[in-house]
Amino acid sequence: MAFFATPRSLARLGCRRRLFLRSFSSEHARNNDIVIVGGGPAGLALAAALASNPTTKNSLKITLIEGGDLSKIQDWSMPPNAYSNRVSSITDTSQHFLNKIGIWHYVEHARTNPIHQMQVWDGISGARITFDASEMPESSEMARMTENLNLQRALLRKLSDTPSVRVIQSVKVESIQREAGDRNDWPLVHLSNGATIRARLLVGADGFNSPVRSFAGISSYGWSYDTQAVVATLNHAPRGPFQAPNNTAYQRFLPTGPIAFLPLSPCTSSLVWSTKPHLAAVLKKSSPGVLGQLINAAFRLPEPSFQYICKRLLEGANSSEEIKEEIAFRERSDGISSHSAYASATSMISDGGISPDDADALPPLVISIQQGTIASFPLHYNHAESYLGEGAGSRTVLVGDAAHTVHPLAGQGLNMGLGDVDALSRCIIQALVHGGDIGSYTALMPYAQERYFENHKVMSAIDKLHKVYSSTAQPVVWARSVGLEVVNELDSVKAALMMNAGASSRLQNANGWDLFAKSVGSLAGAASTSKMVGKMVGAGIQELAKNAGERFLGRH
């Protein structure tokens, strides 16, 4: 099957394009330099990256295989005030890469929203840290929110203008075998349409349950979290006349899991709420009115009061009026003024009026939830033991979710996958320029060396955060709260955290690192009352210092 582009002007990005496919004979295996299995963001981005480089574009035969119907994504559209429930924060580093390979031009920018600030706080102690893009050198935003479908559609539009890449859609990989003979044992990919493709290099971009990883014999380690993510698209009033625009992301760490409020437009935001499976099941089945009230309460009520509301919900209190009365009673019991931003059920703040002083510390009140956007999915930690196949699984490489799956609390999953694609495409180009075999272990080793430890550091830090904030033990709560408040007062540490998370793609100097080095000792000391937290925070900050410092000095 082939992927033909309909000639259209690049300026007419709103027009629809179709993927035209034709079947090819299965009598003989077709030779390909690179076969990419998986049409998600990572697989599509790799195809686009290779197609955008003159060396690989003119030298390599590339095929991408996807079991789903990609034409539905390419023709995807929604009304301006409606948004999909699966979104991602694209860091400055990822945007730089997408720009470099010509993808960002195809993204519908009206459906993206910048994040200028992020507020994170402890659900028990209230300790808070604020990250602001203004603290970053040469960066006007921390990240940019967009729907996953908006990015995938942009990638497909780019590929539709790139006939050098063949895309096979609505065809599944039935099996992968090792070829016996004199072709250096290339993998043979057998498709559900009867076709067979021979690959010099087989790329697994095929997700958590990767068939390519299974064929390569690459084992993975990890676990399922005792939490599930509930997602939804939220409608709310615009920010008040004396407030900043809706460009702030909010995240509160509750003992049952973090809840995040991510801005998509002036009146729309996205919810990602990680919580216990039994509560997630009830939340998913709740009416939009009940869920909206619970979201407002989850960001505002003291933790004991909110846990009581959740208990009442699990006991069967599922009517909107009943939940509202329970929340109102708790707000009055906790002394929350009806004129405070912390009031939801008893709030007397009118839309368009003067906002209370504490309004910027909290997300806007949810008014309604977009129909059909409430969903839930399990959360996993999973990391392949290697990104490269060896022996019987040679000539294979993994990227994206096929290589790693991480908790969404830091919003780094998609960015990690794009980082993989950037590194792998550079590795393939380098091998081609030097006349190497792009499928050999030696040629691919630089990719694994660059990405494996980098991803492992991010994954470990996110996993430790999840575990530390799941504890309700007083010493742990005290230590993490003191540590958070100390970091919040250290601008250099916060800048390092943002840079390490990809908020800046250009780091040129090491000003302030003497202060940062001294700050590390202060932070580790603050957390030393709890050995567990002290080790986690101390080791993590020391690694952060080294890593961010190297980036400043241009060594990374």
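Residues numbered from 1 in each chain as written. Predicted model: local features only at pLDDT ≥ 70, side-chain atom pairs only at ≥ 80, totals over all residues. Heavy atoms only, no water.

What follows deals with the overall build of the protein. When helices and strands are tallied, the protein shows 16 helices and 19 strands. The buried share of the protein, reckoned over its 556 residues, is 57%. Taking all contacts inside the protein whose residues are at least 6 apart in sequence as the whole, residues at least 24 apart take part in 75%. As displayed, the protein has an accessible area near 22,900 Å², and 52% of this comes from carbon and sulfur atoms. (Helix = DSSP H or I, 4+ residues; strand = E, 2+ residues; numbered from the N terminus. Buried < 20%, exposed > 50% of the residue type's maximum accessible area, 1.4 Å probe, protein only. Contact = heavy atoms within 4.5 Å. Areas by Shrake-Rupley, 256 points an atom, 1.4 Å probe, with all protein chains shown as cover.)

Attention now goes to the pattern of salt bridges. This structure, assessed with the given rule, holds 17 salt bridges. The partner of Arg312 in a salt bridge is Glu326, with the nearest N and O atoms 3.0 Å apart. Of the two residues, Arg312 is situated in helix 9 (residues 303-314) and Glu326 in helix 10 (residues 320-333); the sequence distance between them amounts to 14 residues. Glu326 sits in the buried class, given a relative accessible area of 15%. Members of the salt-bridge network, linked through shared partners, are Asp33, Arg200, Arg395 and Asp437. (Salt bridge = Lys/Arg side-chain N within 4 Å of Asp/Glu carboxyl O.)

It is worth spelling out the nonpolar core at this point. In terms of nonpolar packing, the biggest core is built from 71 residues, with Ile34, Ile36, Leu98, Leu202, Val203, Leu424 and Tyr447 touching the most fellow members. Tallying contributions element by element places helix 1 (residues 41-52) first for this core, with nine residues. Among all residues touching Leu98, those that are not within four sequence positions of it are Ile90, Ile103, Trp104, Leu151 and Leu418. (Core = buried A, V, L, I, M, F, W, Y, C linked by side-chain atoms within 4.5 Å.)

What follows is about the sheet that holds strand 4 (residues 112-115). Across the sheet, which stays open at both edges, the three strands sit in the order 3-7-4 with antiparallel pairing between neighbours. Only two strands of the sheet have a single partner each, and these edge strands are strand 3 (87-91) and strand 4. Adjacent strand axes in the sheet meet at a mean angle of 30°, parallel and antiparallel pairs treated alike. Judged from the four bridges that link them, strand 4 and strand 7 (residues 143-147) form a sheet pairing that is antiparallel. (Pairing = 2+ DSSP bridges. Axes fitted to C-alpha atoms, helices over the stretch in contact; angles between N-to-C directions.)

The packing of two helices is summarised by the inter-axis angle and the distance between the axes. Packing of helix 7 (residues 277-285) against helix 9 brings their axes to within 10 Å, and their N-to-C directions diverge by 70°. Viewed along their axes, helix 7 and helix 9 adopt a mutual orientation that is roughly perpendicular. Crossing of helix 7 against helix 9: the hand is left-handed. In this structure, helix 7 contributes His278, Leu279, Val282 and Leu283 to the contact, and helix 9 contributes Cys310, Leu313 and Leu314. The residue inventory of the contact of helix 7 with helix 9, partitioned by class, reads six nonpolar, one polar and no charged. (Parallel < 35°, antiparallel > 145°, perpendicular 65-115°, else oblique. Left-handed = near helix turned anticlockwise from the far one by under 90°. Nonpolar A, V, L, I, M, F, W, Y, C, P; charged D, E, K, R; others polar.)

Let us now look at the packing of aromatic side chains. Two descriptors summarise a pair of aromatic rings, namely the distance from one centre to the other and the angle between the planes of the rings. Using the criterion set out here, one finds nine aromatic pairs in the structure. Ring geometry for Trp121 versus Tyr250: centroids 6.5 Å apart, planes at 80°, classification edge-to-face. With Trp121 in strand 5 (residues 117-122) and Tyr250 in strand 13 (residues 248-254), this pair connects stretches of sequence that are 129 residues apart. By relative accessible area, Tyr250 is classed as buried at 2%. For the ring pair Trp121 and Phe299, a centre distance of 6.1 Å and an interplane angle of 50° mean the geometry is tilted. Taken together, the residues span a long stretch of sequence, with Trp121 in strand 5 and Phe299 in helix 8 (residues 288-300) at a distance of 178 residues. Judged by its relative accessible area of 5%, Trp121 falls in the buried class. Looking at Phe299, the relative accessible area reads 1%, which means it is buried. Here the aromatic residues Trp121, Tyr250, Phe261 and Phe299 are joined through ring pairs into a cluster of three or more. Across from the ring centre of Trp121, 4.1 Å away, lies the NZ or CZ of Arg128, which sits over that ring. One Lys or Arg, Arg330, reaches over the ring of Tyr308 and ends 4.0 Å from the middle of that ring. (Phe/Tyr/Trp six-rings, centres within 6.5 Å; stacked < 30°, edge-to-face > 60°. Lys NZ or Arg CZ within 6 Å of the ring centre and 35° of its normal.)

Turning our eyes to something else, we now look at the side chain of Gln117. With respect to the secondary-structure elements, Gln117 resides in strand 5. With a relative accessible area of 19%, Gln117 lands in the buried category. At 2.9 Å, the side chain of Gln117 forms a polar contact with the side chain of Asp132. Setting aside residues no more than four positions away along its own chain, Gln117 makes contact with Thr130, Phe131, Asp132, Met142, Asn247, Thr248 and Ala249. (Polar contact = N/O pair within 3.5 Å; in protein donor to acceptor, adjacent residues only side chain to side chain.)

This paragraph deals with helix 13 (residues 474-488). For helix 13, built from 15 residues, the straight-helix expectation of 21 Å at 1.5 Å per residue is met to within 8% by its first-to-last C-alpha distance of 21 Å. What helix 13 keeps buried is the set Val476, Val477, Ala479, Arg480, Ser481, Gly483, Leu484 and Val487. (Expected span 1.5 Å × (residues − 1).)

The interhelical angle for the contact between helix 8 and helix 9, taken along N-to-C directions, is 160°, at an axis separation of 10 Å. Considered as vectors, helix 8 and helix 9 are oriented roughly antiparallel to each other. For the pair helix 8 and helix 9, the sense of crossing is left-handed. Counting all contacts with helix 8, which are made through Val290, Leu294, Ala297 and Ala298, the residues of helix 9 involved are Phe306, Ile309 and Leu313.

On to the environment of Ala359. Tracing the backbone shows Ala359 in the loop between helix 10 and strand 16 (366-369). In this structure the C-alpha to C-alpha distance between Ala359 and Ser340, which are 19 residues apart in sequence, comes to 7.8 Å.

Leu279, Ala280 and Leu283 are the residues of helix 7 that are buried. Down the axis of helix 7, the buried set is contained in an arc of 100°. They therefore lie on one face. Where the residues of helix 7 are buried, they touch strand 12 (220-236), strand 15 (268-275), helix 8, helix 9 and strand 17 (375-384). (Arc of directions from axis to C-beta.)

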